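In case you want the letters, here they are:
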Amino acid sequence: MSWISVSVRLPRSFTRVWVMTDTGRETTGYVKSDGEWFINCQRIRATGAKVLRWKEG
């Protein structure tokens, strides 16, 4: 599956997906019910990284 920009659409809430951050790192994450992204990797999350793209799988 190809990468989908967060400006195009978001995945369903609480569905784990692969994310690409603005720092170029890949990890898993999900969208919370309020529409905010949660990055599962604590080390990446601690840098303040923002999600740019996501894909299922």
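For the structure, see preceding data.
One numbering rule holds for all chains: residues counted from 1, following each sequence as written. Where local features are concerned, this predicted model is filtered to residues with pLDDT of at least 70; where side-chain atom pairs are given and counted, the filter is 80 or more; whole-chain, interface and lining totals use all residues. Only hydrogens and water are set aside; all other atoms, that is, all heavy atoms of the structure, feed into the side-chain values.

Peer 1: Break down the sheet that holds strand β4 (residues 37-39) for me, with residues and values.
Peer 2: Whenever strands of a sheet pair, they do so through backbone hydrogen bonds, lying parallel or antiparallel. The pairing criterion for strands is at least two bridges between them, as found by DSSP. Numbering of helices and strands runs from the N terminus, with a helix taken as a DSSP run of H or I at least four residues long and a strand as a DSSP run of E at least two residues long. What the five strands build is an open sheet, ordered β1-β5-β2-β3-β4; its pairing is antiparallel. Both outer strands of the open sheet, β1 (4-5) and β4, are each paired with one neighbouring strand and no more. Here strand β2 (residues 17-21) pairs with strand β3 (residues 26-31) via four bridges, running antiparallel. Bridge pairing in β3 places V17 opposite G29.

Peer 1: Could you give an account of the side chain of T28, naming the residues involved and the relevant values?
Peer 2: Within the element layout of this structure, T28 appears in strand β3. A 3.5 Å cut-off defines polar contacts: any pair of N or O atoms within that distance qualifies, except that in protein one atom must be a possible hydrogen donor and the other a possible acceptor, and neighbouring residues in sequence count only when both atoms are side-chain atoms. Separated by 3.0 Å, the side chains of T28 and N40 make a polar contact. Among all residues touching T28, those that are not within four sequence positions of it are R16, V17, W18, V19, I39, N40 and C41. Note on contacts: a residue pair is in contact if any heavy atoms of the two residues lie within 4.5 Å.

Peer 1: Lay out the pattern of salt bridges with the relevant residues and their values.
Peer 2: Every case where a carboxyl oxygen of Asp or Glu lies within 4 Å of a side-chain nitrogen of Lys or Arg is listed as a salt bridge. The tally for this structure, following the rule as stated, stands at one salt bridge. A salt bridge links K32 to E36; the nearest nitrogen and oxygen atoms lie 3.6 Å apart. With a relative accessible area of 26%, K32 lands in the partly exposed category. Classification of residues uses two cut-offs on accessible area relative to the type maximum, computed with a 1.4 Å probe and protein chains only: under 20% is buried, over 50% is exposed, and between them is partly exposed. A relative accessible area of 42% places E36 in the partly exposed class.

Peer 1: Kindly report on the nonpolar core, identifying the contributing residues and their values.
Peer 2: Counting residues in each nonpolar core, the largest one holds ten residues, listed as I4, V17, V19, V31, W37, I39, I44, A49, V51 and W54. Counting only elements with at least two residues in this core, the list comes to β2, β4 and β5 (51-55). Other than its neighbours up to four places away in sequence, V19 contacts W3, R25, E26, T27, T28, G29, W37, V51, R53 and W54. What we call a nonpolar core is a set of buried Ala, Val, Leu, Ile, Met, Phe, Trp, Tyr and Cys residues that are connected through their side-chain atoms within 4.5 Å.

Peer 1: Now, about the layout of surface pockets: what can you tell me, with residues and values included?
Peer 2: The method works on a 1 Å grid over the protein atoms by themselves. A cavity is a set of points holding a 1.4 Å probe that cannot get out, a pocket is an open set with protein on both sides within 12 Å along at least five of seven lines, and residues with an atom within 4 Å of a point line them. Grid points are joined across faces, edges and corners, and a volume is the space filled by probe spheres set on the points. Quantified by volume, the largest pocket comes out at close to 180 Å³. If you trace the largest pocket, you find it lined by K32, E36, W37, F38, I39, R45, G48, A49, K50 and V51. Sorting elements by how many residues they give to the lining of the largest pocket places β4 first, with three residues. Three residue categories are used. Nonpolar comprises Ala, Val, Leu, Ile, Met, Phe, Trp, Tyr, Cys and Pro, charged comprises Asp, Glu, Lys and Arg, and polar comprises the others, including Gly. When grouped by side-chain class, the residues that make up the lining of the largest pocket number five nonpolar, one polar and four charged.

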